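Descriptive analysis of the structure
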Amino acid sequence: MNTYDLTGRVAVVTGGAQGIGFAVAQRLQASGAKLALWDFNAEMLDTARAKLGAETLCICVNITDATAVTEAAQQTEAHFGSLDVLVHSAGVAGKNAPLDEYDLNEWRKVIDVDLNGTFYVNRAVVPGMKQRGYGRIVNIASIAGKEGNPNASAYSAAKAGVIGMSKSLGKELAGQNIAVNCVTPATADTAILKELKPEFIQYMLSKIPRGRLLDVAEAANMITWLVSEENSFTTGSVFDLSGGRATY
Ligand SMILES: NC(=O)c1ccc[n+]([C@@H]2O[C@H](COP(=O)([O-])OP(=O)(O)OC[C@H]3O[C@@H](n4cnc5c(N)ncnc54)[C@H](O)[C@@H]3O)[C@@H](O)[C@H]2O)c1
């Protein structure tokens, strides 16, 4: 396993209680970072802290609540004295349905968590990063945001929005030693799949040239490099984790 140096860096992982976020948290910790996990699943947060150690700051926060997200950033900065890294992994898939049958409330929920929540989380951490003149951000988008998955219009639209927002913010902050990038994973076997129909999961798997699902550790590996100090040039960009599915 390659080693990255995040010694002393303070890293927030949203959605860090499980799945890709938890795998990232493990890798960041192994690289020397101090961890703050932001997630709204209190039970899974407790489980994560039991595995990562009591020094892990766990904040139970719903990322659709902009005020609570800002308070989580303030709490993290007060606790550790800094906030250098954000890996924004919290997200939902939403239900599968054709667009013309897509439930209005379900659409609003997916956009609220996956797009508005991404805005709130980035908005909360950027002021401190600007003040300190350092930051590394990775937002987790999805291959669905590039390719568009049928029967997942809300998710595909929200994740395309995450890609656009990351590119925009990357350019805004490029002169301030703050890198903002996003990654576009294909399917990984995590709890998020429970929201989806089995035939939809099969569809997504059939689209991956590697012929298998993404391992969360593979995602953590790329993301950890992207949030390291060594990533001193690349920003406003989209990194592929789709096992060959992406065509651009
Ligand atoms: N697993 C995949 O196949 C896949 C593929 C592409 C992209 N992604 C993206 O990766 C990210 C992580 O997904 P995962 O597979 O690890 O899923 P997961 O369900 O294992 O983890 C998501 C975490 O986000 C938290 N969360 C959800 N809504 C929240 C909210 N409103 N406020 C706070 N926390 C909230 C959940 O409690 C959970 O711990 C998501 O953004 C997802 O869209 C996943």
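Residues numbered from 1 in each chain as written. Predicted model: local features only at pLDDT ≥ 70, side-chain atom pairs only at ≥ 80, totals over all residues. Heavy atoms only, no water.

Our next topic: the state of the cysteines. Overall, the coordinates contain 0 disulfides when judged by the stated rule. Cysteine cysteine 58 remains unbridged, with the sulfur of cysteine 60 as its closest cysteine sulfur at 9.5 Å. Judged by its relative accessible area of 16%, cysteine 58 falls in the buried class. (Disulfide = S-S within 2.5 Å. Buried < 20%, exposed > 50% of the residue type's maximum accessible area, 1.4 Å probe, protein only.)

Turning next to the pairing of strand S5 (residues 135–140). Two faces, one strand: in a regular strand the side chains alternate between the faces of the sheet. Summarising burial for S5: 6 of the 6 residues are buried, a large majority. The side-chain alternation of S5 yields two buried faces, one formed by Gly135, Ile137 and Asn139 and the other by Arg136, Val138 and Ile140. Between strand S4 (residues 85–88) and its parallel partner S5, the chain crosses via helix H4 (residues 104–132), and the hand of that crossover is right-handed. As paired elements, S5 and strand S6 (residues 178–185) share 6 bridges and run parallel to each other. Of the residues in S6, the one forming a bridge with asparagine 139 is cysteine 182. (Helix = DSSP H or I, 4+ residues; strand = E, 2+ residues; numbered from the N terminus. Right-handed = clockwise from strand over helix to strand, strands pointing away. Pairing = 2+ DSSP bridges.)

A word on the site of the ligand. The full set close to the ligand counts 28 residues, and Ile20, Asp39, Tyr155, Ala188 and Thr190 are the nearest of them. Within the backbone of isoleucine 20, one N or O atom sits 2.7 Å away from an oxygen atom of the ligand. Between asparagine 62 and the ligand, the recorded distance is 2.9 Å, taken from a side-chain N or O atom to a nitrogen atom. Considering the ligand on its own, with 830 Å² of exposed area, one finds that the protein chains cover 95% of that surface. (Near = heavy atom within 4 Å. Polar contact = N/O pair within 3.5 Å; in protein donor to acceptor, adjacent residues only side chain to side chain. Areas by Shrake-Rupley, 256 points an atom, 1.4 Å probe, with all protein chains shown as cover.)

Throughout the structure, instances matching the rule amount to 8 salt bridges. Two residues, glutamate 77 and arginine 132, come together in a salt bridge whose shortest N-O distance is 3.1 Å. You can see glutamate 77 sitting in helix H3 (residues 66–80) and its partner arginine 132 sitting in helix H4, a full 55 residues away along the chain. The exposure class assigned to glutamate 77 is partly exposed, which follows from its relative accessible area of 21%. Across the pair lysine 109 and glutamate 106 runs a salt bridge, and its minimum N-O distance is 3.8 Å. Of this pair, lysine 109 and glutamate 106 both sit in helix H4, separated by 3 residues, roughly a single helical turn. A residue is classified by how much of its surface remains accessible, and lysine 109, at 36% relative accessible area, is partly exposed. (Salt bridge = Lys/Arg side-chain N within 4 Å of Asp/Glu carboxyl O.)

Ordered in space as S3-S2-S1-S4-S5-S6-S7, the 7 strands form an open sheet in which the pairing is parallel. A strand with exactly one partner marks an edge of an open sheet, and here the two such strands are strand S3 (57–60) and strand S7 (237–241). Taken pair by pair, the neighbouring strands of this sheet meet at an average axis angle of 15°, ignoring direction. Two elements, strand S1 (residues 10–14) and strand S2 (residues 34–39), share 5 bridges in a ladder whose sense is parallel. (Axes fitted to C-alpha atoms, helices over the stretch in contact; angles between N-to-C directions.)

Right, let's get into helix H8 (residues 216–226). Every buried residue of H8 is listed here: Ala219, Ala220, Ile223, Thr224 and Leu226. Taken end-on, H8 shows its buried residues confined to a sector of 150°, consistent with a single buried face. On its buried face, H8 is in contact with helix H1 (19–30), S4, S5, S6 and S7. The N-cap of H8, judged by a side-chain oxygen 2.9 Å from the amide nitrogen of alanine 217 a few residues on, is aspartate 215. (Arc of directions from axis to C-beta. Contact = heavy atoms within 4.5 Å.)

Moving on to the environment of methionine 129. Mapped onto the fold, methionine 129 is located in helix H4. Residue classification places methionine 129 among the buried residues on the basis of a relative accessible area of 0%. Counting along the chain gives 45 residues from methionine 129 to aspartate 84, while the straight-line C-alpha distance between them is 6.6 Å. The residues touching methionine 129, leaving out its near neighbours within four places in the chain, are Leu83, Asp84, Val85, Leu86, Tyr134, Gly135, Arg136, Ile137 and Ile178.

To continue, consider the packing of H3 against H4. For the pair H3 and H4, the least separation of the axes is 8 Å and the interaxial angle reads 35°. By crossing handedness, the relation of H3 to H4 is classed as right-handed. Facing H3, whose interface residues are Ala66, Val69, Thr70, Ala73 and Glu77, H4 presents Tyr120, Val121, Arg123, Ala124, Gly128 and Arg132. A per-class count over the contact of H3 with H4 returns 6 nonpolar, 2 polar and 3 charged. (Left-handed = near helix turned anticlockwise from the far one by under 90°. Nonpolar A, V, L, I, M, F, W, Y, C, P; charged D, E, K, R; others polar.)

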